[in-house]
Amino acid sequence: MIKPVSTSFDAPFEKEIPSSDWNVEDEFETSFSLDEFETAYEMSPDEELRDEFRNECDAFFAPGGILETQAAAVNMKCEHRPQQRAMANAIAEALCSGEHLCIEAPTGVGKSFAYLVPLVCRAKRHCRPAVISTETINLQEQLISKDIPFLSKIMGIDIKASIAKGRRNYLCRRRFAMLTGEQRDMLLPNPSLALDIERLSKILEKGGGGSKDEFSFHVDKDVWNLLCCETGNCMKNKCPYFRNCCYFKAKRQWEESDIIVANHALFFTDLAMRCAEGAAGALLPNYGAVLFDEAHTLEDAAASHLGVRLSRPLVISMLNRIYNPDNAKGLLMHKNTIPPELRGSVAEARDESYGFFAAFEELLDRQNESALEINHPENFIDNLTPKLMRLASGLQKVADDEDEDDASFKTEVDSMISRCRETVDGLDTFMHRTMPGAVYYAEDEPGGVTLNVTPLNIAEILAELLFNQDFTVMLCSATLTVRNRFDYFVSRTGFSGKTLQLDSPFSPDQAKIRIVRNMPDPKSKEYKDTLADEIFSAVELTDGKAFVLFTSYELLRYCQENLRDDFMDHNWLLLVQGSARSRSQLLKDFKDDINSVLFGTDSFWTGVDVPGEALSHVIITKLPFSVPSHPLIAARMRKIEQEGGNSFSGYSLPEAVLKFRQGAGRLIRNRTDRGFITILDPRMITRSYGRMFLESLPYPSEII
């Protein structure tokens, strides 16, 4: 292919030169003869590098290539997988062409190696890191602690990789000094929390990096709020602790990395700041490519982090840091010269925040709903905004009058001023509906009601903010297609580029789908009791070793109560989401006890990897249709109807099929896995759309 010579190895790769109507003299001041022109453009240095890059990636995954031979040399088995090689080649080509890429890579393809190798090779050539964005912590830890070190060893190169986390995950040494100095007693909300400070001090003395995840004990959230790095109170190079700053040391590590592993939340926060403020406001380094693993969550992740979210606990926490009238602690106890009426302003704002959010809580209680769309915010009185504005003005006077010798205190005050104003901006957005194309709703959550502003036009937003930048975007997941087409995913995310669907390396005979014939309709009164009986029968088939996936906590708890004793009689350990155990602890216990049964809802449908006999049965209680009455779901469906589409076939059904595939995908994780998928929803055989769910899985089925 004839392409012009590029002077920048980091620019997007060039497009083909137009044909006969292209004039050499239009491009160059000096004209060439035809022979000179053909010689100059026959093969450019960039083209040679690209061919070398493509060949290097392909050879790595080829039969008898580096992956097979070098893995064997270190007693690891990595067999040739055509799907893995195809994926790596597609990513290498996308990095060369600059065209975006979307890949459906089923479980077993080995997708992490398939994207890591070309991303590493590109980063080494271009000296710009690549970002890998994931949804789950488990995948981040796997990439950093397992996959990348292994590749580094067999490739014989030093792959520099790091996990990027938001500021609040790092301890601020300046704020820590405040809490260990004379101001400790006035800032700590409870004297007993001083023990946390002492333990942290010992860790830092031993050279700890200051990341929250590194601490071997749980740090009280109130203590951490006083210690963590935050955008608004960072003094940057004016800080006396800047040279040893935990956060900026981490950022310098990101800058030096070939691969930066982040989560979707941090990536979209960075993207929004980058678009609003330019590179100066960015959190992540100037990366050359981004790959989204677990990309099936892309729309929801973007919607969540590009909108507005307000809650009473967040507002109260902010105000308590300024001054807590319950225990006379907080920033405003710093000096006797601070006017006492300012502490009164905090108390008034604190009281008002309870009243403001209580009005929305009362509405949810009256309507007996957990979430409601708020179409007329003018029906709610907002006395909180003027209280916060008055408080911000009072704090500004304190900051203006503050002696420069106490720059640390002034920085804290400035931070609280910014937080107050950000809250006011959020309230203004919600109360005056200033974000176009968004849904406004209140939702009851643990800790209190939240007010949400969520954009509905995510496809348009991502088309501009994500897919219209100067870096290549690659998306991959095991579940992106509906009926073998990417149309639905593309329509929801605004993706533009090439798509690739890989087939599964596993055999269809590794699992069997069982559809129970005589199940009542899920809306009937008989359904719950019959469901409990059928769950017991299904679990009996494999003597435990089962995931039971629910679509609601209510149904989960009902079956838990009705099956607990029967499970105990059969020595099946019953593990239940929502108990005292964390998600990670539940999974550990499930793997450790070979005959255990785990009852889970939403978060256990995705991102769970339990290979081997421990998980031999996935039981799906209901087809995972989203609750249509939820304000966000209802608004998305309404938007489709207003645009002339069918909300059921255009949203509800494909969303349910994708989640169904995710849930069923928990079962077969390697070539030796065997098991059953039991479906306890009669709509699989009584509704025409049931076939779409059935055809989304590669396994044979039977009606029992």
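All values derive from a computational prediction rather than experimental measurement.

A.B. asks: Mind showing me how you'd approach the packing of helix α24 (residues 631–642) against helix α25 (residues 647–664) here?
C.D. replies: For any two helices packed against each other, the geometry comes down to the angle between their axes and how far apart the axes lie. Remark: α24 packs on α25, axes separated minimally by 9 Å, with the N-to-C direction vectors making an angle of 145°. As for how α24 packs across α25, the hand of that crossing is right-handed. Where α24 abuts α25, its residues Ile633, Arg636, Met637, Ile640 and Glu641 lie against Ser647, Gly650, Tyr651 and Ser652. Of the residues belonging to the contact of α24 with α25, the class tally is 4 nonpolar, 3 polar and 2 charged.

A.B. asks: Before we go on, may I ask you to explain α25 in this structure?
C.D. replies: Each turn of an α-helix holds 3.6 residues, which means side chains three or four residues apart point in the same direction. For α25, with 18 residues, the first-to-last C-alpha span of 25 Å sits near the 26 Å given by 1.5 Å per residue. A large share of α25 lies buried, amounting to 13 of its 18 residues. Where α25 begins, one side-chain oxygen reaches toward the backbone nitrogen of Phe648, 3.0 Å away; that side chain belongs to Asn646.

A.B. asks: I'm lost on the sheet that holds strand β9 (residues 448–455) in this one. Help?
C.D. replies: Hydrogen bonds between backbone atoms are what pair the strands of a sheet, whose relative direction is either parallel or antiparallel. Pairing within the open sheet is antiparallel, and its 4 strands lie in the order β6-β9-β8-β7. On the outer flanks of this sheet lie β6 (308–311) and β7 (371–373), each paired with one strand and no other. Put simply, the sheet's adjacent strands are angled 20° from each other on average, direction ignored. Pairing analysis gives 3 bridges linking β7 to strand β8 (residues 438–445), with the strands arranged antiparallel. Counterpart to Ala371 in the pairing with β8 is Glu443. Sheet contacts for helix α18 (residues 407–432): β6, β8 and β9; angle to β6, the most-contacted strand, approximately 110°. Of the strands in this sheet, β7, β8 and β9 are in contact with α24, which crosses β8 at around 160°.

A.B. asks: I tried to follow the packing of helix α8 (residues 173–180) against helix α10 (residues 194–205) on my own but got confused; where do I start?
C.D. replies: At a closest axis distance of 11 Å, the pairing of α8 and α10 adopts a crossing angle of 130°. Classified by the angle their axes make, α8 and α10 are oblique. Between α8 and α10 lies a crossing of left-handed hand. In this structure, α8 uses Arg173, Phe176, Leu179 and Thr180 to contact α10, whose residues at the interface are Ile197, Leu200, Ser201 and Leu204.

A.B. asks: What's the story with the pattern of salt bridges in this structure? I'm lost.
C.D. replies: Here the idea is simple: oppositely charged side chains can pair when their charged atoms come close. Applying the stated criterion across every chain yields a total of 38 salt bridges. Across the pair Glu104 and Arg661 runs a salt bridge whose closest N-O atoms are separated by 3.0 Å. Placement of the pair is Glu104 in strand β1 (residues 101–104) and Arg661 in helix α25, with a sequence separation of 557 residues. Here Asp293 ties to Lys111 by a salt bridge, and the two come within 2.7 Å at their closest N and O atoms. Within this pair, whereas Asp293 is found in the loop between β5 (289–292) and α14 (298–305), its partner Lys111 is found in helix α6 (residues 111–126), the two being separated by 182 residues in sequence. Within this structure, Arg168, Arg174, Arg175, Glu230, Arg321, Glu412 and Arg419 form a network of salt bridges that share partners.

A.B. asks: Would you mind going over the environment of Asp414 with me for this structure?
C.D. replies: The topology assignment puts Asp414 in helix α18. Between the C-alpha atom of Asp414 and that of Gly209, which follows or precedes it by 205 residues, the distance is 27 Å.

A.B. asks: Before we go on, may I ask you to explain the side chain of Ser616 in this structure?
C.D. replies: In this fold, Ser616 is placed in the loop between β15 (597–600) and β16 (617–620). Residue Ser616 is classed as buried on the basis of its relative accessible area, which comes to 10%. Setting aside anything within four residues of it in sequence, one finds Ser616 in contact with Thr542, Lys545, Leu667, Arg674, Gly675 and Phe676.

A.B. asks: Help me understand the confidence of the model for the protein, please; the structure alone is not making it clear to me.
C.D. replies: Predicted coordinates in regions of low pLDDT should not be interpreted in detail. Of all residues in the protein, 90% attain a pLDDT of 70 or more, and the chain-wide mean is 88. Note on residues 1–45: pLDDT under 50 across the span, and 45 contacts to partners over four residues away in sequence or across chains.

A.B. asks: Teacher, can you tell me more about the side chain of Gln662 here?
C.D. replies: Relative to the helices and strands, Gln662 resides in helix α25. The class of Gln662 is buried, set by a relative accessible area of 5%. With near-sequence residues (within four places) excluded, Gln662 lies in contact with His296, Ser477, Thr479, Trp605, Thr606 and Gly607.

Thresholds applied
- Residues numbered from 1 in each chain as written.
- Predicted model: local features only at pLDDT ≥ 70, side-chain atom pairs only at ≥ 80, totals over all residues.
- Heavy atoms only, no water.
- Axes fitted to C-alpha atoms, helices over the stretch in contact; angles between N-to-C directions.
- Helix = DSSP H or I, 4+ residues; strand = E, 2+ residues; numbered from the N terminus.
- Left-handed = near helix turned anticlockwise from the far one by under 90°.
- Contact = heavy atoms within 4.5 Å.
- Nonpolar A, V, L, I, M, F, W, Y, C, P; charged D, E, K, R; others polar.
- Expected span 1.5 Å × (residues − 1).
- Buried < 20%, exposed > 50% of the residue type's maximum accessible area, 1.4 Å probe, protein only.
- Polar contact = N/O pair within 3.5 Å; in protein donor to acceptor, adjacent residues only side chain to side chain.
- Pairing = 2+ DSSP bridges.
- Parallel < 35°, antiparallel > 145°, perpendicular 65-115°, else oblique.
- Salt bridge = Lys/Arg side-chain N within 4 Å of Asp/Glu carboxyl O.
- pLDDT = per-residue confidence, 0-100.

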